[in-house]
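Observations on chain architecture
Listed below, chain by chain, are the residues.
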Amino acid sequence: MGLQEPVHPAERLDRQALERWQEQRLRELLTALDGRNLFYTRKLRDAGLDVASLRLPEDLSRLPMTTKAELMADQESNPPWGSALTEPAASYTRYCQTSSTTGRPLRWLDTNQSWQWMLECWKAVYRGARVQPGDRVFFPFSFGPFLGFWAGFEAGYQMGLHCIPGGGMPSHTRLAMIEAVGATVICCTPTYALRLAEIAAKDWPASHLQQGSVRMLIVAGEPGGSIAATRRRIEQSWGARVIDHHGLTEIGPVSFECWESPGALHLNEGEYICEVRDQLTGAETPDGQPGELIITNLGRVASPNIRYRTGDIVVRRTGPCACGRTWARLEGGILARADDMVNIRGVNVYPAGIEAVVRHIAEVVEFRSIVSRPAAMRSLRMEIEITAGADPSAVAARVAADLRDALGLTVAVKVVDAGVLPRFEMKASRFIVEA
């Protein structure tokens with residue numbers, strides 16, 4: 001299938017023209033919020049800022065950053081929705097909430113207009129992946145209050161894709177349905193892509209999944225899609241291409257992988273201002289250096305976020321891409337999350353770093369990392385399930401050795417029986433920190 005022509009007017013602008021585009025959009029946003037959105041009206045005035053007198057983009061860094069903790073506190077003080085709404089409550093038609101993997105969920109509302117903006121952002125994901133009318137897109141997703149693939153489903157049918165819901169059924173049934181309808185694209189988490197492949201390997205003849213109709217998996221919700229070892233395992237299991245995507249409930253669909261440049265995520269700079277800054281100093285981080293991703297969404301006016309601290313650690317590159325888009329890319333996708341980091345014996349350990357090591361070892365089917373309770377010195381131990389016929393002692397020794405080489409830590413590795421470790425459909429929880 002050929003690539004559809006990009007429809008976003010800013011996809012191929014040079015960097016200076018793109019900055020002018022963003023400046024105009026940001027000014028329109030701030031003007032719309034002033035006096036209508038109580039949260040941001042108060043926040044900007046507390047910072048001593050007059051929207052009308054701001055010089056953009058020079059004054060972007062003067063705008064105060066927003067944190068999830070602020071938004072949570074605002075919802076506690078102004079239940080249930082908080083005060084970060086630009087329209088009257090009766091105007092809102094959509095409700096979603098964060099997955100609450102790190103605490104109480106954050107509630108988020110959209111109007112018909114702001115929801116349509118979300119769908120337009122998701123269409124950029126499909127265009128980057130070369131998904132076209134005629135593709136049959138299967139969503140093995142529960143369609144609960146977690147935003148997940150809701151927007152992807154609705155954006156798909158607006159584009160003329162054949163969107164097939166796969167909620168409310170066990171994995172075996174989903175696999176049978178994928179085969180029966182001839183699905184060509186699957187939208188799911190990296191973890192669930194591997195789970196479906198694990199079941200297929202048990203239930204179907206060898207290579208049956210790889211020879212099926214699925215040509216692509218669009219994955220999101222976890223960093224696995226940009227972790228080389230996890231990505232390779234998914235692609236080998238399915239015989240299909242993996243396309244990574246990243247977004248947040250409170251922000252929207254932010255980034256996507258294009259077909260031409262695997263392993264990097266384009267930032268949708270037509271609809272977001274994306275900064276990368278040092279976590280401690282707040283200074284702007286140059287290309288090629290890691291920093292925290294700070295996002296302003298420009299078109300979700302009814303429920304906006306200005307300079308939102310995502311906690312995502314990334315490396316940005318602004319050079320040209322083979323696909324022709326001029327939007328910056330995140331090299332290696334989302335490298336880590338700041339709030340996931342745990343210091344173990346002087347070493348900063350991230351779940352994504354552990355996964356990058358363990359997924360290289362083909363004999364490991366599933367795993368779980370457990371960080372001990374705070375004491376004089378924390379420790380890390382691993383539980384793994386392995387393939388039938390593999391040597392438990394040898395696999396455990398290799399996992400321990402590879403983790404020691406990668407992290408500089410001694411890790412106790414235990415092989416457990418098949419099926420002992422939990423399986424996940426949405427965001428996986430393989431990194432347990434004992435309180």
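That block above? That's the structure.
This write-up is about the structure you can find in this document. (Residues numbered from 1 in each chain as written. Predicted model: local features only at pLDDT ≥ 70, side-chain atom pairs only at ≥ 80, totals over all residues. Heavy atoms only, no water.)

Some points on the pattern of salt bridges
According to the stated counting rule, one finds 35 salt bridges in the structure shown. Note that E87 and R36 form a salt bridge whose closest N and O atoms lie 2.6 Å from each other. Separated by 51 residues along the polypeptide, E87 in the loop between α3 (68-77) and β1 (92-97) and R36 in the loop between α1 (15-33) and α2 (38-46) bring together distant segments of the chain. Overall, E87 belongs to the partly exposed group, its relative accessible area being 28%. A residue is classified by how much of its surface remains accessible, and R36, at 39% relative accessible area, is partly exposed. E355 serves as the salt-bridge partner of R359, at 3.9 Å between the closest nitrogen and oxygen. E355 gets classed as buried once you look at its relative accessible area, which sits at 10%. (Salt bridge = Lys/Arg side-chain N within 4 Å of Asp/Glu carboxyl O. Helix = DSSP H or I, 4+ residues; strand = E, 2+ residues; numbered from the N terminus. Buried < 20%, exposed > 50% of the residue type's maximum accessible area, 1.4 Å probe, protein only.)

Re the packing of helix α6 (residues 171-181) against helix α7 (residues 190-203)
Put simply, α6 and α7 touch, their axes get as near as 10 Å, and they point 85 degrees apart. One finds that α6 runs roughly perpendicular with respect to α7. In contact with S171, H172, R174, L175 and I178 of α6, α7 contributes Y192, L196, I199, A200 and D203. When grouped by side-chain class, the residues that make up the contact of α6 with α7 number 6 nonpolar, 2 polar and 2 charged. (Axes fitted to C-alpha atoms, helices over the stretch in contact; angles between N-to-C directions. Parallel < 35°, antiparallel > 145°, perpendicular 65-115°, else oblique. Contact = heavy atoms within 4.5 Å. Nonpolar A, V, L, I, M, F, W, Y, C, P; charged D, E, K, R; others polar.)

What to know about helix α9 (residues 351-358)
Here α9 has its buried residues at A352, I354, E355, V357 and V358. Elements in contact with the buried residues of α9: α8 (228-238), β16 (347-349), β17 (364-371), β18 (380-386), α10 (392-407) and β20 (431-433).

Structural notes on the sheet that holds strand β19 (residues 412-415)
One open sheet holds the 4 strands; their spatial order is β19-β18-β17-β20, and the pairing between them is mixed. With partners counted over all chains shown, the strands left at the sheet margins are β19 and β20, one partner each. The sheet shows a mean angle of 20 degrees between the axes of neighbouring strands, direction not considered. With 3 bridges joining them, β17 and β20 adopt parallel strand pairing. Within the sheet, the bridge partner assigned to I370 lies in β20 and is I432. On top of the sheet, α9 reaches β17, β18 and β20; it is set at about 150 degrees to β17, its chief contact. (Pairing = 2+ DSSP bridges.)

Describing the nonpolar core
Judged by nonpolar contacts, the single largest core of 71 residues is most densely connected at L26, L30, L63, Y126, V131, F139 and I218. The dominant element in this core, judged by the number of residues it contributes, is helix α4 (residues 112-129), at 10 residues. (Core = buried A, V, L, I, M, F, W, Y, C linked by side-chain atoms within 4.5 Å.)

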